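Inside the fold
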Amino acid sequence: MEGHKYLDFFNKVCGKSCVLFGAGPTGYEFLKKVSIPIAYVVDNDSSKWNETFQQIPVRNPEVLLNEDKESTVVIIGIKAVKEITEQLNALGFRKNENVLISPFIMDEDEIDHFRQPKLLVSCIGYNGGVFIVDPNTRSTTKLCEGDCRGITRHDSSYIIALEYKGFIRLDKELNIVQEVILEENLNLHGLALGDGDVLYVNECGHDAIGIYDACSFEKKDEIAINKDQTEIKDAYHLNDVAYKNNQLYVSMFSINGVWRNEIWNDGAIAIVDTKEKKIRSVVLHGLKQPHSIHLVNDNIALCNSMECEVREGDNILCQIPGYSRGLTSLGPYYFYRAKSDAAPLKV
């Protein structure tokens, strides 16, 4: 617990008559850890009234009606903070004025501060689909099935790319409201929303970036990456894409189209100009199966998956015990990371 929380607590009880609310385990913890005089203890359990708790008399909370509200402080030593606060409010006591919470209990404001947002996670293969993952309860809820390769937000909805099928849209309540099945299997992967309802989608099947209408999912155009190796399909393995300032940042297994020869150090992040429709530059190279581009301010974060790394540019942020894949941020520097087991690879 931070030192300033203790200091603030002791400043507020200094010179006051202190009453502890709660003759149970949480109250016991408070008495053992904090050495301040307690006039008496109150508790809603009538069987404890007129008894002692750690040699301190226990009374009915109603006695607080007769206490001077200026000179008395009630310390909540029970985890039902909200309910006890409301009870004390009816007795004339106010939170943060003459009602304090034991520094060993987090109230709702603090819990909300530490509460992690839910994650929308895609998964492929057996039992693949889209899941809601709640880090606070460590629970998962499956929303839909399929080999889901990419998720992006569009207005108040979410667009999901199904690798061998097409697109689905979830509304803000995460209900499926639109489903489009493509006639051709394009091996869809990552997707990114551009300006003016333009949706860019990596089409691994023929090494291109499809340009779609984000509302209707009608294909308008494409950016062909594999112009010289038309007889080879998925030569580059374009997997993820991010959009910023009329530029696409694209991760690929091989900038030279050689990954199928088991050359694994040719992975790259390339910038593709959306107007000229060609690779403008390579910003990161020498990667091994890069995935999951995430733009944070002026930095490029990614998973260098075969090395089990999470990177920010050339800097390795961490290594995890598994094939790193899936990345998002909470603030500019704090990253969630997902991992999946890697299949045996020849290196």
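I will try to describe carefully the structure that is included in this document. What you see is a predicted model, and the numbers here were worked out from it, not measured in a lab.

Our next topic: the sheet that holds strand β7 (residues 119-123). The strand order across the open sheet formed by 3 strands is β7-β8-β9, and the pairing between neighbours is antiparallel. Of all strands in the sheet, those bounded by a partner on one side alone are β7 and β9 (139-145). This sheet shows a mean twist of 25 degrees between the axes of neighbouring strands, independent of strand direction. Alignment of β7 against strand β8 (residues 129-134), held across 5 bridges, turns out to be antiparallel. Residue pairing for β8: Leu120 is matched across the bridge by Ile132.

A few words on the pairing of strand β12 (residues 166-170). For β12, the tally of buried residues reaches 5 of 5 residues, placing the bulk of the element in the interior. As consecutive antiparallel partners, strand β11 (residues 157-162) and β12 are separated by 3 residues. One ladder, built from 5 bridges, connects β12 with strand β13 (residues 176-181); its direction is antiparallel. Across the sheet, residue Phe167 finds its bridge partner in β13, namely Val180. If you look at the hairpin formed by β12 and β13, you'll find 5 residues sitting between the two strands, and Leu174 has a positive phi there, around 70 degrees.

Tracing the sequence through the fold places Ile232 in the loop between β17 (219-224) and β18 (238-244). We classify Ile232 as partly exposed; its relative accessible area is 32%. Through-space distance from the C-alpha of Ile232 to that of Asp207 is 9.1 Å; in sequence the pair is 25 residues apart. If near-sequence neighbours (up to four positions away) are discounted, Ile232 is found in contact with Asp207 and Asn226.

Below, the discussion takes up the side chain of Glu163. Tracing the backbone through its elements, the reader meets Glu163 in the loop between β11 and β12. The exposure class assigned to Glu163 is buried, which follows from its relative accessible area of 4%. Among the polar contacts listed, one links the side chain of Glu163 to the side chain of Arg149, at a separation of 2.8 Å. At 3.1 Å, the side chain of Glu163 and the side chain of Tyr164 are in polar contact.

This next bit is on the pairing of strand β1 (residues 17-21). Within a regular strand, side chains alternate between the sheet's two faces. Most of β1 sits out of view: 4 of its 5 residues are buried. Pairing of β1 with strand β5 (residues 72-76), which is carried by 5 bridges, proceeds in the parallel orientation. Residue pairing in the sheet places Ser17 in a bridge with Thr72 of β5. Sheet topology note: the β1/strand β2 (residues 40-42) ladder contains 3 bridges and is parallel. Within the sheet, the bridge partner assigned to Val19 lies in β2 and is Tyr40.

On to the environment of Leu284, then. As for its position among the elements, Leu284 is in strand β21 (residues 278-287). Residue classification places Leu284 among the buried positions, given a relative accessible area of 7%. For the pair Leu284 and Ile300, spaced 16 residues apart in the sequence, the C-alpha separation amounts to 9.3 Å. With sequence-adjacent residues up to four places away left out, Leu284 is seen in contact with Gly267, Ala268, Ile269, Leu302, Gly313 and Asp314.

Rules of the game
Residues numbered from 1 in each chain as written. Predicted model: local features only at pLDDT ≥ 70, side-chain atom pairs only at ≥ 80, totals over all residues. Heavy atoms only, no water. Pairing = 2+ DSSP bridges. Helix = DSSP H or I, 4+ residues; strand = E, 2+ residues; numbered from the N terminus. Axes fitted to C-alpha atoms, helices over the stretch in contact; angles between N-to-C directions. Buried < 20%, exposed > 50% of the residue type's maximum accessible area, 1.4 Å probe, protein only. Contact = heavy atoms within 4.5 Å. Polar contact = N/O pair within 3.5 Å; in protein donor to acceptor, adjacent residues only side chain to side chain.

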